[in-house]
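Now for the letters of each chain:
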Amino acid sequence: MDFSIPSDIQDMLANVGQFLREEVYPLEERFVSGAFADLVPTLEEKRARVKEMKLWAPQVPAEYGGVGLGFMQHAMLSEELGRTPMGHYVFNCQAPDAGNMEILAEFGTEAQKEQFLLPLAAGKSRSCFAMTEPECAGSNPVWMKTTAVRDGDEYVINGHKWFSSAADGAAFAVAMVVTNPDAEPHQRASQIIVPTDVPGYRWIRNIPVMGHAGDGWPSHSELRFENVRVPVSNLLGEEGAGFAIAQARLGPGRIHHCMRWIGICERSFDLMCERAATRELAPGDPLGNRQTVQNWIAESRAEINAARLMVLHAAWKIDNEGTKAAREEISAIKFYVAGVLMAVVDRAIQVHGALGVSDDTILQYFYRQERGARIYDGPDEVHKTVLAKRALRSFGMKK
């Protein structure tokens, strides 16, 4: 593997870092303590600046209005953007919109791209992805109760979804629904585009996460589909291909999540070191003199470096051999980097003392919102099982 970063990518990352520090970091206090809706006008100004920088929608092909960065390049950018909760949003590569753009570009019809992808890529609309259900274990992605029954030229959708990120204010949902209940488990579901203004689509609430419900893009919603009718032309890809499309989205998506988490780790690491170097326990006696704090800093540095190399190797393998060949690497980084993330943020909070759990730093937001990293896109335990079973299979164990 070539570990060098091309000079043009280095320059881009430096420019992005400077832009975030000067224009986005100062907005974090408002982001954490106020309503997202109140911040949107200011964020739109920052988004206009990103367009001027020609870095808008970096993961989207140029034909749809994006930059068309390669997979590895976008992974590196994702780390830089991850240093602030608003980084990806300002550049229009935020979840879940980024993933929906990718699957619409790959599997969407020309009419679907015109109606849904282009406004999304232009930042004129937002979307959500409705997959998880409160009645079914999220660790079993092929088990769901939401159905779509064909009636002439329409699908009639009924079901209950939750933790549909960014559904508050979304123009449409990409819903995972059972269309072929008698098929093999991985061929029962389809993905269907559901505009949120159709009769029967019900937004119930934003689900509070550790006491914070949020609003707009940074939120997670509960939804109900009650006899929702959409045209058959809203089917994304083939009927019964929902799981395959989800896998095409989630494999590379986990790389982007992990690189974003590493960005959070780097930001938390910087805050931890700054606090250790400047916070005095007595005149002339900084906190960083304590060996325990030094150990936390050293351990964090090594773990972040290891995590980054693991993720870049997984991305390299996807680039060279495809997502299926990198299944083990994807599972490994999903639980390993999530663990490093929580450890580094926790250490940084501890070094800050009471300040660390207050809303006066971004650390509490990272801790509160990213605890879910060990749950979403497959809980740690599932990924560990996948990795262990594949290892044991090579030693003759069949089940």
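Remember, it's a predicted structure, so these values are computed and weren't measured experimentally.

Asks: Help me understand the overall build of the protein chain, please; the structure alone is not making it clear to me.
Replies: Tallying secondary structure elements over the protein chain gives 13 helices and 10 strands in all. A compact globule built from 399 residues should have a C-alpha radius of gyration of about 21 Å, and the protein chain, at 22 Å, falls within 12% of that. With respect to the three principal axes, the spread of C-alpha positions in the protein chain is 80 × 60 × 45 Å. Per-residue burial over the protein chain gives 52% buried out of 399 residues. Contacts spanning at least 24 positions in sequence make up 72% of the contacts within the protein chain whose residues lie at least 6 apart. When the accessible surface of the protein chain is totalled, it reaches about 18200 Å², and 52% of it is carbon and sulfur. One finds the centroid of the 42 positive side-chain charges in the protein chain at a distance of 5 Å from the centroid of its 51 negative side-chain charges.

Asks: Before we go on, may I ask you to explain the state of the cysteines in this structure?
Replies: Here a disulfide denotes a covalent bond joining the sulfur atom of one cysteine to the sulfur atom of another. Throughout the structure, instances matching the rule amount to zero disulfides. With no disulfide partner, C128 has as its closest neighbouring cysteine sulfur the one in C136, 18 Å distant. Overall, the relative accessible area of 0% leaves C128 in the buried class. There is no disulfide at C265, and the cysteine sulfur nearest it, in C258, is 10 Å away.

Asks: Would you explain the pattern of salt bridges in this entry?
Replies: Pairs can form between side chains of opposite charge once their charged atoms are near each other. Overall, the coordinates contain 23 salt bridges when judged by the stated rule. A salt bridge links R229 to E154; its shortest N-O distance comes to 2.8 Å. Remark: E154 occurs in strand β3 (residues 154-165) and R229 occurs in strand β7 (residues 220-231); sequence separation between them is 75 residues. When its relative accessible area of 38% is taken as the criterion, R229 is described as partly exposed. On the accessibility criterion, E154 (30% relative accessible area) is partly exposed. The network of salt bridges with common partners includes E23, K46, R49 and E52.

Criteria and cut-off values
- Residues numbered from 1 in each chain as written.
- Predicted model: local features only at pLDDT ≥ 70, side-chain atom pairs only at ≥ 80, totals over all residues.
- Heavy atoms only, no water.
- Helix = DSSP H or I, 4+ residues; strand = E, 2+ residues; numbered from the N terminus.
- Rg over C-alpha atoms; globule rule 2.2 N^0.38 Å.
- Buried < 20%, exposed > 50% of the residue type's maximum accessible area, 1.4 Å probe, protein only.
- Contact = heavy atoms within 4.5 Å.
- Areas by Shrake-Rupley, 256 points an atom, 1.4 Å probe, with all protein chains shown as cover.
- Lys, Arg positive; Asp, Glu negative; His and termini not counted.
- Charge placed at Lys NZ, Arg CZ, Asp CG, Glu CD.
- Disulfide = S-S within 2.5 Å.
- Salt bridge = Lys/Arg side-chain N within 4 Å of Asp/Glu carboxyl O.

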